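Listed below, chain by chain, are the residues.
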Amino acid sequence: MAVQRRSPAESVAMTGNEAVADAMRQINPDVVAAYPITPATEIVQIFSAYAADGRVDTEMVLAESEHSAMSATIGASAAGARAMTATSSQGLLLMHEMLYVASGARQPIVMPVVNRAVSAPLNIHCDHSDTMGSRDAGWIQIYSENAQEAYDNLIQAIRIAEHPNVQLPCMVMMDGFIISHGMENLFTLPDETVKEFIGERKPLYPLLDVDNPVTFGPVDFTDFYFEHKRQQFEAMLEAKKAILEVAAEFEKISGHRYGLFETYQLDDAEMAIVVMSSAAGTSRYVIDRLRRQGLKVGMLKPRVFRPFPAEELAEALKDIPVVAVMDRSDSFSGQGGPLFAEIRAALYEYDKRPIMVNYIYGLGGRDVRVESIESVYRDLDIIRRTGVVGPRVRHLDVRE
Amino acid sequence: MSEVTQQKANPIRPDAGWKELPWGGIIPVGGTARAFKTGGWRSNRPIWDSEKCISCMTCWIYCPDMSILVEDGKMIGIDYDHCKGCGICAEVCPPRVKAITMKPEGV
Ligand code: SF4
Ligand code: SF4
């Protein structure tokens, strides 16, 4: 996110969860169905206070599980409502079956997800294993670096999901505890501005339109199912355009510029890391430090993981000699994390492409320190100078 | 079979391509179950005797597939396009009437 500086006096101090709950208050969804889970609990806890105090018009459905919460959200959305929920980790895993129903039925549900490790062993701290496990569920996935981005992304997500050419559900991520519970100064928009920006939902086939009855979820066998999946493929291509279209409009009301990804000191970089979410902030600091020592280091921070901006990412990375892709989850393929696999595949078409290594990092909330990121750049520098790659997949800050 | 033909035509043609089909497998008209002929699933066929029938409508209430055809308050026959042959109608027809008997298909 590139920021047009506003006066700090206009900023407010909020945690990530508070910022997301405030965005939800401004979105004022018709229905919110949810079930609590650490570290996302606060989002709906704060929001339910808004509902109880009459500050939103939302119908709250307190479900008995996340599977039910997502089911109720889908039902409400099919009825024509603007419906939301929020979750994390095991909760997202319990929703897994219904995630496919939401996307397959083309319901533009928007859901903040606070990234957290998954059991076993039990861990409540940040990594991206939960949402990376949902990457093939047909949802748009947007990752936020900080509370400001989480707030901005959530408001944009409504427009992206409900875009007439898209009509897909969208999850908006932030890092558990690091961002969800970290206090930060951020700029919110006036309620009226948000209301005008998101407008009213225009559902395609609302179930509550009793004069035009429709069937949702019919049996769809060999004769039609494949055509409906082909439509979802197309919708994801359209989502990429819609994300940029909505970002351009959002910049006009906020002064915050968003794209499919963000780069930092990448143009002349000889070594780069690709890293999502909160660790990008640490990386920016390390880059400034290493640049002062004469090392040409840079960063690319993906914002949108689904749809995957393959061509755009490849164009941005193809001329950099050495690249480390940082994955805050492992797909246990033995070939590295999901971000690494997809970025490498995106570069397959290019004759000239970087030497690439993968760092699995920060699992279960393992702290990502300045020294951690610096050690990655030092490793890349050795690879660049010697041409010796060594292990393709590495584990950052794991004790031997 | 006036009820059946009155239905709005289903706009989903069997050869429709992905660009023209409604998104999400949604069927944008009601009453489409009528277009799906389930009669072929039947292994026992209810045979109705119009001479015996007193049009009490018990079978019409119980039939799970809405296959008892009625006109002007009188039973007029069975919709074999949708009747799945469960035999409930024969079972519930009053014992002193017994206007419906089940016969194996194809015998
Ligand atoms: S056999 Fe079953 S389905 Fe067929 S008419 Fe009788 S009750 Fe209905
Ligand atoms: S239950 Fe028997 S008597 Fe009554 S309407 Fe049906 S067939 Fe006729």
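None of the values given here were measured: they were computed from a predicted structure.

The rules we used
- Residues numbered from 1 in each chain as written.
- Chains lettered and ligands numbered in written order.
- Predicted model: local features only at pLDDT ≥ 70, side-chain atom pairs only at ≥ 80, totals over all residues.
- Heavy atoms only, no water.
- Helix = DSSP H or I, 4+ residues; strand = E, 2+ residues; numbered from the N terminus.
- Rg over C-alpha atoms; globule rule 2.2 N^0.38 Å.
- Buried < 20%, exposed > 50% of the residue type's maximum accessible area, 1.4 Å probe, protein only.
- Contact = heavy atoms within 4.5 Å.
- Lys, Arg positive; Asp, Glu negative; His and termini not counted.
- Charge placed at Lys NZ, Arg CZ, Asp CG, Glu CD.
- Axes fitted to C-alpha atoms, helices over the stretch in contact; angles between N-to-C directions.
- Parallel < 35°, antiparallel > 145°, perpendicular 65-115°, else oblique.
- Left-handed = near helix turned anticlockwise from the far one by under 90°.
- Nonpolar A, V, L, I, M, F, W, Y, C, P; charged D, E, K, R; others polar.
- Domains from an automatic or database assignment.
- Buried area = accessible area lost by both parts, 1.4 Å probe.
- Salt bridge = Lys/Arg side-chain N within 4 Å of Asp/Glu carboxyl O.
- Polar contact = N/O pair within 3.5 Å; in protein donor to acceptor, adjacent residues only side chain to side chain.
- Core = buried A, V, L, I, M, F, W, Y, C linked by side-chain atoms within 4.5 Å.
- Pairing = 2+ DSSP bridges.

Trainee: Before we move on, could you go through the overall build of chain A and cite the residues and values that matter?
Mentor: For chain A, the helix and strand inventory stands at 12 helices and 18 strands. Against the 2.2 N^0.38 benchmark of 21 Å for 400 residues, chain A shows a C-alpha radius of gyration of 21 Å, consistent with a compact globule. Overall, chain A is about 70 × 60 × 45 Å in size when its C-alpha atoms are taken along their principal axes. Counting over 400 residues, chain A shows a buried share of 58%. For chain A, long-range pairs separated by at least 24 residues make up 82% of all intrachain contacts whose partners lie at least 6 apart in sequence. Put simply, chain A has 39 plus and 55 minus side-chain charges, and the middle of one group is 7 Å from the middle of the other.

Trainee: A description of the packing of helix H9 (residues 279-292) of chain A against helix H12 (residues 370-386) of chain A should follow, citing residues and the corresponding values.
Mentor: Residues and elements named next belong to chain A. Remark: H9 packs on H12, axes separated minimally by 9 Å, with the N-to-C direction vectors making an angle of 55°. It follows that H9 is oblique to H12 by the angle criterion. Here the hand of the crossing between H9 and H12 comes out right-handed. Across the interface between the two elements, Thr-282, Ser-283, Tyr-285, Val-286, Ile-287, Arg-289 and Leu-290 of H9 pack against Val-370, Ile-373, Glu-374, Tyr-377 and Arg-378 of H12. Each residue belonging to the contact of H9 with H12 can be placed in one class, and the counts come to 7 nonpolar, 2 polar and 3 charged.

Trainee: I'd love a proper account of the domain arrangement of chain A, names of residues and values included.
Mentor: Residues and elements named next belong to chain A. In terms of domain boundaries, chain A breaks down into domain 1 (12-254) and domain 2 (261-395). Domain 1 and domain 2 are separated by 28 Å when their C-alpha centres are compared. With 27 residues of domain 1 at the interface, the matching set in domain 2 holds 27 residues. Here domain 1 and domain 2 share an interface that buries about 2,100 Å² over both sides, 53% of which is from carbon and sulfur atoms. Considering only the surface of domain 1 that becomes buried against domain 2, Arg-135, Glu-145 and Lys-240 emerge as the three largest contributors, covering 29% of it. At the boundary of domain 1 with domain 2, the tally comes to 7 salt bridges. Linking Glu-145 and Lys-301 is a salt bridge whose minimum nitrogen-to-oxygen distance equals 2.7 Å. At the junction of domain 1 and domain 2, the tally comes to 18 residue pairs in polar contact (both at pLDDT 80 or more).

Trainee: Please give an account of the environment of A:Ser278 that cites residues and values.
Mentor: Residue and element names in this part refer to chain A. Tracing the backbone shows Ser-278 in the loop between strand S13 (271-274) and H9. With relative accessibility at 11%, the residue Ser-278 sits in the buried group. Setting aside residues up to four positions removed in sequence, Ser-278 forms contacts with Ser-144, Glu-145, Asp-175, Ile-178, Ile-179 and Arg-328. Of the polar contacts made by the side chain of Ser-278, one reaches the side chain of Asp-175; its length is 2.5 Å.

Trainee: Please provide a residue-by-residue account of the nonpolar core, values included.
Mentor: All names here are of chain A. Of all hydrophobic cores here, the largest spans 93 residues; its most connected members are Met-70, Ile-140 and Ile-343. With 9 residues, helix H6 (residues 147-161) is the single largest residue contributor to this core. Each of domain 1 (12-254) and domain 2 (261-395) gives at least three residues to this core. Excluding residues within four positions of it along the chain, Met-70 makes contact with Thr-85, Met-95, Met-98, Leu-99, Ala-102, Ile-109, Met-111 and Trp-139. The next biggest cluster of nonpolar side chains, apart from the first, holds 26 residues, and it includes Ile-273, Val-286, Met-299 and Tyr-377.

Trainee: Describe the sheet that holds strand S14 (residues 297-302) of chain A, listing the residues and the values that go with them.
Mentor: All names here are of chain A. Pairing in this open sheet of 6 strands is mixed, and the strands run S12-S14-S13-S16-S17-S18 from one edge to the other. Each end of this open sheet is capped by a strand with a single partner; those strands are strand S12 (261-264) and strand S18 (393-395). Within the sheet, the average angular offset between the axes of one strand and its neighbour, ignoring direction, is 20°. Bridge count between S13 and strand S16 (residues 322-327): 4 bridges; the pairing is parallel. Its bridge partner being in S16, Met-271 is matched across the sheet by Val-322. This element, H12, spans S13, S14, S16, strand S17 (355-360) and S18 of the sheet and lies at about 135° to S13.

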